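Coordinates in review
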Amino acid sequence: MDELRDLVEDAIKGSTVFEKSKVLTPDYIPKNLPHREKQIKELSINFREILSNPGSTSVRVVISGKTGTGKTVTTKKFGELFSAIAKEKGLKVVYTHINCHRQRTLYLMLVEIANQLNLQIPNRGLSSQETFKLIYDYLEKRNIQLIITLDEFDYFVSTSPVEDIYFLVRIYDELNALVKRIHYIFILRELTSLASLDKSIKDHVIKNVIEFPPYTSDELYDILMDRIVNEKAFREGAVLEETVRFISDIYGIDKGGSGNARLALETLELSGKIADTEGSLLVTIDHAKKANSKINPELSIILDTIRDLDLHQLLVVKAIMNLHKKEGDDFFPMGKVEEEYNIVAKDLGEIPRKHTQVFEYIRKLKLMGLITARQSGKGMRGRTTLISLSVPISEELDNLINNEIRDRLLQQKNY
Ligand code: ADP
Ligand code: MG
């Protein structure tokens with residue numbers, strides 16, 4: 001027992017390559033945002049009217065870009081700087097950041113906005129309209145300009161009733177307020193996620209689009225270096241330059257990676273932890289390689305879920321992946337997925353389940369967060385449900401699903 005105690009004690013006081021490891025955590029907002037200067041400038045230009053001529057317009061900006069391109073951190077940074085500058089000019093600008101994954105309904109969003117404004121909302125089941133009115137009156141009384149950022153807005157669009165989306169986007173105009181006080185930043189992964197909305201709402205949302213392209217290897221290098229050198233995540237000299245280059249090259253879009261800064265930072269952090277466990281004072285390429293083989297975030301998130309699926313649910317997932325491979329699209333009509341599922345099942349010697357059962361599978365997969373569904377726009381044949389996998393389709397995912405399917409088939413045979 002004492003041996004273990006020694007081990008823990010040694011590890012606690014043992015050497016570490018880190019200095020301020022908290023600057024590597026996902027929520028940390030660094031002082032600099034290399035390669036996002038242009039986007040911050042565009043945001044500032046879009047919003048400067050609020051300062052020069054407060055009350056004259058309601059600003060709407062759309063930000064679009066893939067995961068890990070700095071959308072969240074950049075808008076938060078902008079909000080922080082913008083409201084501080086406004087304050088120096090004697091104006092009250094409050095920036096609120098809403099994550100639509102966390103605040104899943106219109107009502108919860110409004111409550112969160114109120115919270116961020118330090119406005120007490122009575123606990124007696126107000127409607128969204130009433131809550132909105134309270135917020136609005138509060139802004140009027142205190143002469144506040146409010147910037148509402150709706151992060152992961154795709155999610156809200158794909159899961160909420162059309163009335164709620166309409167409410168959120170249009171109500172303010174309908175108040176016909178003389179003094180405009182509410183401004184929006186919509187953060188989207190893809191502009192196409194708005195495709196299902198009515199044209200009137202779309203026109204309202206898509207005004208000024210600011211693109212966040214995936215990072216190149218050189219850009220990731222600068223981002224990592226900034227955390228290492230300026231933010232002092234590591235002890236001086238602990239991370240070898242070639243290690244940083246190596247990680248940047250894995251994820252740089254120009255080197256066949258995803259251009260995702262989050263993954264690059266996670267890999268850097270994990271490399272450091274591996275160096276620590278090995279008692280190394282330097283973070284080497286070898287540590288980065290080990291870290292890289294462990295990191296596969298999307299997969300790790302859904303791995304547990306996949307284990308819980310039964311054979312035919314897996315076949316539905318497989319069908320969506322097949323369609324993606326064949327057609328390159330992300331969203332497919334239910335009918336098409338079902339057709340492909342029938343083919344996949346027959347190929348494996350399985351009798352395809354009936355329509356109602358497949359429908360039920362899709363509903364469950366949606367509840368588990370594995371697939372995303374949305375309504376198509378009003379086409380000639382009326383509305384259909386479009387579905388997509390919620391995680392990027394990669395070779396690893398493909399292998400994983402195939403393995404699981406094989407396991408299930410083997411289990412069946414053995415009974
Ligand atoms: P998104 O919202 O587009 O998915 P995030 O804003 O969450 O991306 O960024 C992912 C991670 O990468 C965060 O830890 C963030 O601090 C970091 N990051 C992204 N872009 C930059 C940048 N230009 N400079 C410094 N850090 C960045
Ligand atoms: Mg984000």
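Residues numbered from 1 in each chain as written. Chains lettered and ligands numbered in written order. Predicted model: local features only at pLDDT ≥ 70, side-chain atom pairs only at ≥ 80, totals over all residues. Heavy atoms only, no water.

Within the protein chain, the secondary structure is distributed over 17 helices and 8 strands. A principal-axis box enclosing the C-alpha atoms of the protein chain has dimensions of 70 × 65 × 45 Å. Each of the 415 residues in the protein chain was classed as buried or not, and the buried ones make up 46%. Sequence separation of 24 or more characterises 72% of the internal contacts of the protein chain that already satisfy a separation of 6 or more. Accessible surface, the protein chain as shown: approximately 21900 Å² in total, 52% of it carbon and sulfur. (Helix = DSSP H or I, 4+ residues; strand = E, 2+ residues; numbered from the N terminus. Buried < 20%, exposed > 50% of the residue type's maximum accessible area, 1.4 Å probe, protein only. Contact = heavy atoms within 4.5 Å. Areas by Shrake-Rupley, 256 points an atom, 1.4 Å probe, with all protein chains shown as cover.)

Segmentation of the protein chain into domains returns domain 1 (37-212), domain 2 (216-297) and domain 3 (302-414). The C-alpha centroid of domain 3 is placed 35 Å from the C-alpha centroid of domain 1. Facing 6 residues of domain 1, the contacting portion of domain 3 comprises 8 residues. The contact between domain 1 and domain 3 buries some 500 Å² in all, and 40% of this surface belongs to carbon and sulfur atoms. Summed over the shared surface of domain 1 and domain 3, the result is 0 salt bridges. Taken together, domain 1 and domain 3 are joined by 0 residue pairs in polar contact (both at pLDDT 80 or more). In terms of residue class, the side of domain 1 that touches domain 3 is built from no nonpolar, 4 polar and 2 charged. (Domains from an automatic or database assignment. Buried area = accessible area lost by both parts, 1.4 Å probe. Salt bridge = Lys/Arg side-chain N within 4 Å of Asp/Glu carboxyl O. Polar contact = N/O pair within 3.5 Å; in protein donor to acceptor, adjacent residues only side chain to side chain. Nonpolar A, V, L, I, M, F, W, Y, C, P; charged D, E, K, R; others polar.)

Turning our eyes to something else, we now look at the site of ligand 1. For ligand 1, the set of nearby residues contains 19 residues, the closest of which are Pro 34, Gly 68, Lys 71, Thr 72 and Tyr 215. When ligand 1 is considered free in solution it has 550 Å² of accessible area, and contact with the protein chains removes 95% of it. Within the residue set of the shell around ligand 1, elements represented by two or more residues are helix H3 (71-88), helix H9 (217-230) and helix H11 (261-277). Two domains share the shell around ligand 1, each providing at least three of its residues, namely domain 1 (37-212) and domain 2 (216-297). (Near = heavy atom within 4 Å.)

To continue, consider the nonpolar core. One finds Ile 113, Leu 117, Ile 135, Ile 148, Leu 150, Phe 153 and Phe 186 to be the most contacted residues of the largest nonpolar core, which totals 38 residues. Only helix H4 (106-116), helix H5 (128-142), strand S3 (144-151), helix H6 (153-159), helix H7 (162-174), strand S4 (182-188) and helix H8 (199-205) provide two or more residues apiece to this core. Sequence-distant contacts of Ile 113, defined by excluding residues within four places in its chain, comprise Thr 96, Ile 98, Ile 135, Leu 146 and Ile 148. With 32 residues, the next largest nonpolar core counts Ile 306, Val 344, Leu 370 and Ile 405 among its residues. (Core = buried A, V, L, I, M, F, W, Y, C linked by side-chain atoms within 4.5 Å.)

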